[in-house]
Amino acid sequence: MEIIIQPDSQQASQIAARIIARLVREKPHSVLGFATGNTPLQLYQNLVAVHGDTGLDFSDVTSFNLDEYIGIPPAHPSSFHSYMWAHLFSHINMPKERINIPDGLAGDIPAACRKYEQAIRTAGGIDVQVLGLGTNGHIGFNEPSSSLSSRTRIKTLADDSRLSAGPGFGGQENVPTHVITMGLGTIMDAKMCLLLAFGKKKAAAVAKMVEGPVTAMVPGSVLQMHPRAVIILDKDAAAELKMAYYYNWVHDHKPDWQKY
C-alpha cells in the first residue's frame, strides 16, 4: 500500500484527480471504476473542473460503477445512477453507451452479475478503481465476512450501511435491504485501487485496513495484497495510524518520476 496523508479532504481529492487525469491523458481508452457516497464528491468536482478548464477528454473512456441498490429505478433520487449523473456524467463528455452501472431492476440478478463481470473483462479490465471505506471496513458493499475472492453479486446490507444511507431515503427503514456490488476479487483485479477516506469517524477503520491483519471482517484489508493500492487520507482519517510519520516521510521523499 502507498499511504498519502494530506491536511484536508480537498487537497487529498486534488491528488486523486491528478492521478485519474494523468491516466486519461496517457491512455484515452482507459477504463475507470467509480464509487458513490460523500467521500468521492470532491474528486468528481475536481475532474469536472479539469474537464472544463483544460478540455480533459473522456470521449473514449469506459466506466463501471461499484454497486447499485436492488429494487429502485435508475431515476430514484437516491439511486447510484442518479448520483453519478448529478455529480459527474452530466458535466463531462463521456458517452452514455460507455457508462456501466449495475441494474438494480434486473429480473435475473445472478445473470445480470455475470454479465457485468463479462463486460469488465471485454473492456480490458479496470485501470483505476475508486473506492471509499465504510466505518465497518467495507469497500463497495462487501460487508464484513465477505469472501476475499468474491465476484459481482447480490449482498445484504449491514445495519451500519443502511443507517448511513438513511437520510437519502427518508429514514433507515426505507433503505433497500439488498444491493448488487462488485466483489472483492473483482476489485482486486483492477490495475490500481485508489481509496479515499476522510474524517475522524473513518480513523479506526483506516487503521485496521492498513495496519491490521488481512481479514474478511475488515474487507478493505484485502488491499494490503494489491500490487498498487494508493490510499489517500486527510489527517483526521489518518489519526490512528501508528506509522503515519513513516508514510509522510516516504511521500515527501519520492523521486520526481513517482510524484503525482
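About the criteria used
- Residues numbered from 1 in each chain as written.
- Predicted model: local features only at pLDDT ≥ 70, side-chain atom pairs only at ≥ 80, totals over all residues.
- Heavy atoms only, no water.
- Helix = DSSP H or I, 4+ residues; strand = E, 2+ residues; numbered from the N terminus.
- Rg over C-alpha atoms; globule rule 2.2 N^0.38 Å.
- Buried < 20%, exposed > 50% of the residue type's maximum accessible area, 1.4 Å probe, protein only.
- Contact = heavy atoms within 4.5 Å.
- Areas by Shrake-Rupley, 256 points an atom, 1.4 Å probe, with all protein chains shown as cover.
- Lys, Arg positive; Asp, Glu negative; His and termini not counted.
- Charge placed at Lys NZ, Arg CZ, Asp CG, Glu CD.
- Core = buried A, V, L, I, M, F, W, Y, C linked by side-chain atoms within 4.5 Å.
- Polar contact = N/O pair within 3.5 Å; in protein donor to acceptor, adjacent residues only side chain to side chain.
- 1 Å grid on protein atoms, 1.4 Å probe; cavity = no way out; pocket = protein on both sides within 12 Å on 5 of 7 lines; lining within 4 Å.
- Points joined across faces, edges and corners; volume = space filled by probe spheres on them.
- Nonpolar A, V, L, I, M, F, W, Y, C, P; charged D, E, K, R; others polar.
- Phe/Tyr/Trp six-rings, centres within 6.5 Å; stacked < 30°, edge-to-face > 60°.

A. Fine view of the overall build of the protein chain. Summing up its helical and strand segments, the protein chain has eight helices and ten strands in all. Its C-alpha atoms give the protein chain a radius of gyration of 17 Å, within 12% of the compact-globule value 18 Å for 260 residues. Judged by the C-alpha coordinates and their principal axes, the protein chain covers about 55 × 40 × 35 Å. When burial is assessed residue by residue, the protein chain has 54% of its 260 residues classed as buried. Residue pairs in contact within the protein chain that sit at least 24 positions apart in sequence constitute 79% of those at least 6 positions apart. Roughly 11,500 Å² of accessible area belongs to the protein chain as shown, and the carbon and sulfur atoms make up 54% of that amount. On the protein chain, the mean spot of the 23 positive side-chain charges and the mean spot of the 24 negative ones are 3 Å from each other.

B. Just the nonpolar core, in detail. Formed by 71 residues in total, the largest nonpolar core has its most connected members in Leu 223, Ile 232, Leu 233 and Leu 241. Discounting residues that sit within four places of it in the chain, Leu 233 has contacts with Ile 3, Ile 4, Ile 5, Gln 6, Ala 12, Ala 197, Phe 198, Val 206, Ala 238 and Leu 241. Counting residues in each nonpolar core, the second largest holds nine residues, with Ile 72, Phe 80, Phe 141 and Val 175 among its members.

C. A look at the side chain of Asn 142. Here Asn 142 lies in the loop between strand S6 (128-131) and strand S7 (153-156). Asn 142 sits in the buried class, given a relative accessible area of 0%. Here the side chain of Asn 142 touches Ile 139 through a polar contact of 2.9 Å, landing on its backbone oxygen. From its side chain, Asn 142 meets the backbone oxygen of Met 182 in a polar contact 2.9 Å long.

D. Region of the structure containing the layout of surface pockets. Approximately 930 Å³ is the volume found for the largest pocket. In terms of lining, the largest pocket is formed by 36 residues, of which the most central are Thr 36, Gly 37, Asn 38, Ser 164 and Ala 165. Looking at the lining of the largest pocket, the elements that each hand over two or more residues are strand S4 (67-69), helix H3 (80-87) and helix H5 (159-165). No other element matches the five residues that H3 contributes to the lining of the largest pocket. Split into classes, the residues belonging to the lining of the largest pocket amount to 15 nonpolar, 17 polar and four charged.

E. The arrangement of the packing of aromatic side chains in detail. As enumerated under the stated definition, the model contains ten aromatic pairs in all. Taking the centre distance of 6.2 Å and the plane angle of 45 degrees together, the rings of Tyr 69 and Phe 141 count as tilted. Highlighted residues: Tyr 69 in strand S4 and Phe 141 in the loop between S6 and S7, separated in sequence by 72 residues. Accessibility classification places Tyr 69 together with Phe 141 in one group, the buried group. Judged by centre distance (5.1 Å) and plane angle (85 degrees), the ring pair of Tyr 69 and Phe 169 falls under edge-to-face. Of this pair, Tyr 69 sits in strand S4 while Phe 169 is found in the loop between H5 and strand S8 (178-181), placing the two residues 100 residues apart along the sequence. Of the residues examined, Phe 169 reaches a relative accessible area of 11% and is grouped as buried. Among the aromatic residues, ring-to-ring pairing joins Phe 34, Tyr 44, Tyr 83, Trp 85 and Phe 89 into one connected group.

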